[in-house]
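# Breakdown of the fold
One-letter residues, chain by chain:
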Amino acid sequence: MTMRPAVVAGAWLLAACLAALSLGPSRIPPMDVAAALLQGLGLDFRVDERTLAIVASLRLPRMLMAALVGGMLALAGATLQGLFRNPLADPGVLGITGGATLGAVTAIFFGASAMGGAVLPLAGFAGALAAAIAVDRLARVDGRIPVASLLLSGIALEALSRALTGVLIYASDDRQLRDITLWLLGSYAGASWDRLLLIAPFALLSACALPFFARGLDALMLGEREAGHLGIPVETLKRLAVGVAALGVGAVVSVAGPVGFVGLVVPHLVRLTHGPGHRRLIPLAAAYGAALSVAADTLARILVAPAELPVGLVTAAIGAPFFAFLIRREKRRLAA
Amino acid sequence: MIRATDIVVRRAGRNLVDGVSLVLGEGEFLGLLGPNGAGKSTLLRVLAGEFPPEGGKVEIDGADLKAWPRADLARRRAVLPQHAAVAFDIDGRAIVELGRLPHEGRSTRAQDAQAVADALDACDAAPLASRGYAALSGGEQQRIQLARALAQIGGTPKPLLLLDEPTSSLDLSHQHAVLSLAKRVAAQGGAVLAVLHDLFSASLHCRRVAVLERGRLVAQGTPEEALTPDLVRRVFGVDSRWIDLPGGQRALATYPMAA
């Protein structure tokens, strides 16, 4: 990868992060943000307590959470699209998002707070892992996992999770219902250093492992048989990549809710501008996913200030039209 | 170079390949012939190591195919499958470059670039390299895929090339060009096995042919030995006659059976 696309992506990410730290109900100029960050590291820049608290305790963990979630979802989306050789795949189709949702909603139903504590992320994470294992078992035919069978199993599991989630919602009282609904819309409002530390190891482990699959995913563009002829252990690649993606997605979905479209849209944008090669696609998707997620969350916080929108609504508002555009474009390509 | 012994492939209680033994030596270009459903592609997939056969074994250089490390095998032999659909918008050159994947870390950038350029030239595909694969015609896609396979074995001593109907979408001049290319690869110390349908070009270009019928090997040898009018009539359901071509070459012409 030449350095230039990486530099451009880094610049976008940095700009989104700076904006996230300085914009909000109270505006903090970028210079003060930098001073507050340095002061947080132990240097004395004589930043007042209030500014320091806003930047270091409120906005910084939230920004990092938004970056982690968006980067992880885009990374997983790019990997799964490559694995399924299908541009419309995203973590949702594997049942992973559905499993995490069911886990988290179950926890809220039984009294976990939607805004703090470790129970919710752990429950979501457990749900995601259970879903990934169940899909793997369902989809396996004679020790192999055909992609069509994997997709169908994922869709079936997603539907099952959704139905069970529906049952819980139906049985909820008003307070539970509000918590569940808020979580389902996707939000980074529950971000805190504690939660960040809870999910970061899983997400970072997954994010560091996924780029190693780039070579195999490149070969898979030619087809599964062809990738095998090129010496790629295709079945192992599929199993590992799905597992690693589930780990990361499960972790981030459990704290942020199912933030939609980032995993679908970002890999596409990168493919449109930088080509389909995964060595470039995977790191760039992570950077742009993080940037989009941070920017969307900033919008969510300032659009209706002092209240805030769930970030899932903002990403959906950006993502849904783009999705429609993709389908139109695909239709035209198929018709041509 | 490659030896298959008593290969049996069973699917749904039927033997798709039924006790076939084949040897393909250095410098040979073997045409694998037979009507639809005779088991040609299945046999080729077994030789390529895509799945283990229910019976028999495949050896390359005397070592069981199962014992070959994936990566070593990928540098030694390339496969051109029948229908190749490619995911995502990708141009011809990028596809050919993927053929160099098994050589990563072992060949220099310059060697890779040379192998890709040579392969594109050999397939008359250089003008297609910068075009999107999806926008190419079937024959053009086939030439790009063949170039990809050639790039994979570029620079490899004693390469093995397995081609499944490499000429099925090609125009006439490219059909002959591709088969001449296969002959060249064989002449330079490689071994080529190609599944072919056209008895005329097979009889003209192949050093040896093997004929499959319902999973069994029914004839093997030089084209003139193997493709007798009797056998061609029985296996392919057409009449045939050897004809002389300019330059002293001979080829098999076929025509519908007399009623």
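See above for the structure.
Numbering of residues begins from 1 in every chain and follows the order in which that chain's sequence is written. Labels follow written order: the first chain is A, the first ligand is 1, and so on. The predicted nature of this model means local features are confined to residues of pLDDT at least 70 and side-chain atom pairs, given and counted, to a pLDDT of 80 or more, with totals for whole chains, interfaces and linings taken over all residues. In computing side-chain properties, one takes all heavy atoms of the structure into account and sets aside hydrogens as well as water.

### Comments concerning the overall build of chain A
In this text, helices come from DSSP runs of H or I with a minimum length of four residues, and strands from runs of E with a minimum of two, each type numbered from the N-terminal end. Secondary structure assignment for chain A yields 14 helices and zero strands. Going residue by residue from the N terminus, the α and β elements of chain A occur as α-α-α-α-α-α-α-α-α-α-α-α-α-α. For the radius of gyration, the atoms used are the C-alpha atoms, and the globule rule reads 2.2 Å times the number of residues raised to 0.38. In terms of overall dimensions, chain A is globule-like: its C-alpha atoms have a radius of gyration of 20 Å, near the 20 Å expected for 336 residues. With the C-alpha coordinates aligned to their principal axes, the bounding extent of chain A is approximately 65 × 55 × 40 Å. Burial statistics for chain A: of 336 residues in total, 53% are counted as buried. Throughout, a contact is declared for two residues whenever any of their heavy atoms are within 4.5 Å. Expressed as a percentage of contacts within chain A between residues at least 6 apart in sequence, the contacts between residues at least 24 apart total 76%. Think of it in three bands: residues with accessible area under 20% of the maximum for their type are buried, residues over 50% are exposed, and the middle band is partly exposed, with areas taken using a 1.4 Å probe on protein chains only.

### What to know about the interface of chain B and chain A
Taken residue by residue, the interface counts 25 residues in chain B and 22 residues in chain A. Buried area between chain B and chain A, summed over both chains or domains, comes out near 2,200 Å², and the portion from carbon and sulfur atoms is 59%. Across the salt bridge formed by A:Arg215 and B:Glu104, the nearest N and O atoms sit 3.1 Å from each other. Counting of polar contacts relies on pairs of N or O atoms within 3.5 Å, with two restrictions inside protein: one atom must be capable of donating a hydrogen and the other of accepting it, and residues adjacent in sequence are counted only when both atoms are side-chain atoms. Scanning the region where chain B abuts chain A turns up nine residue pairs in polar contact (both at pLDDT 80 or more). Those elements giving two or more residues to the side of chain B that touches chain A turn out to be helix H2 (70-76), strand S6 (77-80), helix H3 (92-98) and helix H5 (138-152) of chain B. Under the scheme applied here, ten amino acids are nonpolar (Ala, Val, Leu, Ile, Met, Phe, Trp, Tyr, Cys and Pro), four are charged (Asp, Glu, Lys and Arg), and all others, including Gly, are polar. Considered class by class, the residues forming the side of chain B that touches chain A number 15 nonpolar, three polar and seven charged. Defined in terms of a 1.4 Å probe, buried area is the accessible area two parts forfeit on being brought together, summed over both. Only one rule defines a salt bridge in this text: a Lys or Arg side-chain nitrogen within 4 Å of an Asp or Glu carboxyl oxygen.

### A word on helix H12 (residues 262-274) of chain A
Residues and elements named next belong to chain A. Expected span of a helix, by definition, is 1.5 Å for each gap between consecutive residues, and there is one gap fewer than residues. In this model H12 runs 18 Å from its N-terminal to its C-terminal C-alpha over 13 residues, within 8% of the 18 Å that 1.5 Å per residue would give. For H12, the set of buried residues is Val 262, Gly 263, Leu 264, Val 265, Val 266, Pro 267, His 268, Val 270 and Arg 271. Just past H12, the residue Gly 275 takes up positive phi, approximately 85°.

### Section: the packing of aromatic side chains
Stacked, tilted and edge-to-face are the three classes assigned to paired rings of Phe, Tyr and Trp, where Trp is represented by its six-membered ring and a pair needs centres within 6.5 Å; plane angles under 30 degrees give stacked, over 60 edge-to-face, the rest tilted. Going through the model one piece at a time under the given rule, you end up with one aromatic pair over all chains. With 5.2 Å between their ring centres and 90° between their planes, A:Phe109 and A:Phe110 make a pair best called edge-to-face. In this scheme, Lys NZ or Arg CZ marks a charge over a ring once it lies within 6 Å of the ring centre and within 35 degrees of the ring normal. It is A:Arg271 that lies over the ring of B:Phe88; its NZ or CZ is 4.0 Å from the centre. Of note, B:Arg11 hangs over the ring of B:Phe51, and the distance from its end group to the ring centre comes to 5.0 Å.

### Here's the deal with the packing of helix H4 (residues 96-109) of chain A against helix H5 (residues 119-139) of chain A
All names here are of chain A. Lines are fitted to the C-alpha atoms to define the axes, a helix being fitted only along its stretch in contact, and any angle between axes, read from their N-to-C directions, falls within 0 to 180 degrees. Interhelical geometry of H4 versus H5 gives an angle of 145° and a closest axis separation of 6 Å. Seen along the crossing, H4 lies across H5 with a hand that is right-handed. Here H4 contributes Ile 96, Gly 99, Ala 100, Gly 103, Ala 104, Ala 107 and Ile 108 to the contact with H5, which in turn contributes Val 119, Leu 120, Ala 123, Gly 124, Gly 127, Ala 128 and Ala 131. Looking at the contact of H4 with H5 residue by residue, the classes come out as ten nonpolar, four polar and no charged. Left-handed describes a crossing whose near helix is turned anticlockwise from the far helix by less than a right angle; the clockwise case is right-handed.

### Quick notes on the pairing of S6(B)
All names here are of chain B. Along S6, one buried face is formed by Arg 77 and Val 79 and the opposite face, lined by Ala 78 and Leu 80, is buried too. Inspection of the sheet shows S6 paired to strand S7 (residues 160-164) by four bridges, in the parallel sense. Directly across from Arg 77, in S7, lies its bridge partner Leu 160. For two strands to be treated as a pair, DSSP must find no fewer than two bridges joining them.

### Quick word on the sheet that holds strand S4 (residues 55-60) of chain B
Residue and element names in this part refer to chain B. Strand order in this open sheet of four strands is S2-S1-S4-S5, and the pairing throughout is antiparallel. Edge positions in the sheet fall to strand S2 (14-24) and strand S5 (63-64), since each has one partner strand and no second. Along the sheet face, helix H1 (residues 40-47) touches strand S1 (2-11), S2 and S4 and points at about 120° away from the line of S1.

Note that all results are geometric; they support no functional claim without further evidence.
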